[in-house]
Amino acid sequence: MRYISTRGLAPAQSFLEILLGGLAPDGGLYVPEAYPRFGADELVTMRGMDYRQLAYAVLSRLIDDIPVGELKALIDRTYTAETYSHGRPDSDYSQIAPVRRLEEGLYLLELSNGPTLAFKDMAMQLLGNLFEYALIRAGRDVNILGATSGDTGSAAEYAMRGKRHVRVFMLAPEHGMTRFQQAQMWSLQDANIHNLAIRGVFDDCQDIVKNVSNDLEFKAKYRIGAVNSINWARVAAQVIYYFKAYFAVTASNDEQVSFSVPSGNFGNVCAGHIARMLGLPIRRLIVATNENDVLDEFFRTGVYRPRGAAETLHTSSPSMDISKASNFERFVFDLTGRDAARVRALWSAVDRGQSFDLKPSGLFDRVSEFGFTSGSSNHANRIATIRMVWQRYGTMIDTHTADGLKVGLEHREPGVPLVCLETALPAKFEDAIREALGRAPERPAGMEDLEQRPQRVEVMEADTQAVKDYIARHAED
Ligand SMILES: *Cc1c(COP(=O)(O)O)cnc(C)c1O
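These numbers come from a predicted model, not from an experiment.

### Observations regarding the environment of Ala427
Position of Ala427 relative to the elements: it lies in the loop between strand S14 (418–422) and helix H17 (430–437). With a relative accessible area of 2%, Ala427 lands in the buried category. Between the C-alpha atoms of Ala427 and Pro441, which are 14 residues apart in sequence, the distance is 5.2 Å. Those residues within four positions of Ala427 in sequence are excluded, and the remaining contacts are Leu117, Phe180, Pro441, Glu442 and Pro444.

### Looking at the site of the ligand
Around the ligand, the structure places 15 residues, and the nearest of them are Lys120, Asp151, Gly264, Asn265 and Asn268. Lys120 places a polar side-chain atom, nitrogen or oxygen, 2.5 Å from an oxygen atom of the ligand. Within the backbone of Gly267, one N or O atom sits 3.2 Å away from an oxygen atom of the ligand. When the ligand is considered free in solution it has 390 Å² of accessible area, and contact with the protein chains removes 97% of it. A breakdown of the residues in the shell around the ligand according to their chemical character gives 5 nonpolar, 8 polar and 2 charged.

### Section: the sheet that holds strand S9 (residues 257–262)
The 6 strands lie next to each other as S3-S4-S14-S9-S10-S13, forming an open sheet whose pairing is mixed. The outermost strands of the open sheet, each flanked by one partner alone, are strand S3 (99–103) and strand S13 (372–376). Across the sheet, the mean angle from the axis of one strand to that of its neighbour is 25 degrees, orientation sign disregarded. Pairing of S9 with strand S10 (residues 282–289) involves 5 bridges; the strand directions are parallel. By the bridge assignment for S10, Val257 is matched with Ile282. Contacts from helix H12 (residues 294–301) reach S10 and S13 within the one sheet, and its direction differs from that of S13 by about 130 degrees. Of the strands in this sheet, S3, strand S4 (106–110), S9, S10, S13 and S14 touch helix H16 (residues 399–410), which is tilted by about 130 degrees from S10.

Analysis parameters
Residues numbered from 1 in each chain as written. Predicted model: local features only at pLDDT ≥ 70, side-chain atom pairs only at ≥ 80, totals over all residues. Heavy atoms only, no water. Helix = DSSP H or I, 4+ residues; strand = E, 2+ residues; numbered from the N terminus. Buried < 20%, exposed > 50% of the residue type's maximum accessible area, 1.4 Å probe, protein only. Contact = heavy atoms within 4.5 Å. Near = heavy atom within 4 Å. Polar contact = N/O pair within 3.5 Å; in protein donor to acceptor, adjacent residues only side chain to side chain. Areas by Shrake-Rupley, 256 points an atom, 1.4 Å probe, with all protein chains shown as cover. Nonpolar A, V, L, I, M, F, W, Y, C, P; charged D, E, K, R; others polar. Pairing = 2+ DSSP bridges. Axes fitted to C-alpha atoms, helices over the stretch in contact; angles between N-to-C directions.

Encoded structure:
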C-alpha cells in the first residue's frame, strides 16, 4: 500500500515512511493510494472476530511494510484488556471497546476505558508501539513536540512513557485544563516525558510549536516529530472500532448502521468515512459539533469557513473547541473524486485565511452519497442531555459524548441502529457533571488521589527561545 498526498505534489510513500512525519512536503495529508475493499465473504468472517483480530484484518490491508508476525505482535501488545479496562469497573473487561445498549436501536460505543479516559487512547497506544518499532528499525530517535488543551497531551504521554528512543515535550497552558487533566499529565515521573506549562493560552502553545517546526535547522538537528491528529496511523487505528461496533449491533451484514461522532479536528469521523470506503455498511455519519460549528456549517451549507483562533469559543466540551478541522482535507479529497489540483486550489484559499463554497460547482450535492450529515450543540443542550441519559438509562456521560448524543438523536431513523461514540469519561469534566446532576462523577479505581500526587512540570513564559533552549538541554538525555 502506497500513500499519496491530497495535494498531489509529493512522492508516494510507504506506511513506515509516513509514520513519523506530519504533513506531506507539499502541505497535504497522506491518504491510501486506493482504498482496499472488504468483500461480502470477508465481512462474514470478520463478524466472528475479537478486537485484536479485527485490528489485524483492518491494519494489514493498510500496512504492508511491517512483517506479518511483527504487526501481529504490536497489535497484541497494544490491545490488551488490561490497558483498556481502567476506565470503568462495571464495563465488560473481556472486551475492548464494548457497546452499551441504552434502548432498542440506540447504543453507546465505549472508547474511553484506556489509561487517560478518552477515546484518543484507542489509537495513541498503538502509535506508541509503532513509533518504538520504527525507530529501533531505523536506528534513530525522535523528540516529539506537541501542544495540548487537554486530552491529546495526556493520551500521547501515556502512550510514549518509558518507550525507547522517544522523548515527549508537551506544551500546555498553565491554567485552562481541568484539574484532573492537568494532574494526569503533570504527575507522570517518567524521564522521557517533559511537561512544559506555558504562561499563556492554548494558542500561544500552538504558536510556539509552529515556530519551532518552522526552524528547519533546529527541527533537523533535534529530530523533532509530532503525534497530532493528522497522523495517518492514528486515523487508521480508529477505523477498527467502527467495525467492532457494527458487528456488535447487527445480526447480518445486510443491515446498515448510523454513527454519531463528537467532532473537532475531524479525525474520529474521518475514520468512519474510511471504514465506509473499506466496505462497512454504514448508513449515516453524523458529525456533531459544539458551539464551534465550522463543520456543521459546511455540512449544512457547503461553505467551509475556518475561524481565526481569536474567534474560537471556550466551551464545556473543550476538546472540540477548534477553529479549523485539520483532517477535513482527507474527506474533501475523496469528495472531489480525488482531484488533487482542486484540493490545492481550495486549500490555497484556506491557507490565506479565506473560505470556500462547494455549492456552486455541484460538489456539495455529493456529500450525502458519502453518508454525511451534521448538527451542533450548546452548553444548555449538553447539560440537558447528560441529565436525560442519567435519568432515563442510569448512564453517566461526559460533555463531548452528550453533544454527540444530542445531535445523533436528531438524525435517528426508525429501523436503523444508531451508535453514539463515547469520546471521554465524565470524571475528566467534573464541573459540568456537578452542574447537570448535582453530584460528582465517579473516579476509576486508582485515580482517587490523582491531584494529590507529586507533579513534575516546568513553568515557563510563552517564549519560543525558552522552549528551544529547554529541548536542546534535554534532547540527548
Ligand atoms: C479529541 C476529542 C474529540 C474530537 O475528536 P476529533 O478526532 O478531533 O474530531 C472529541 N471529544 C473528546 C473527548 C476528545 O478528546
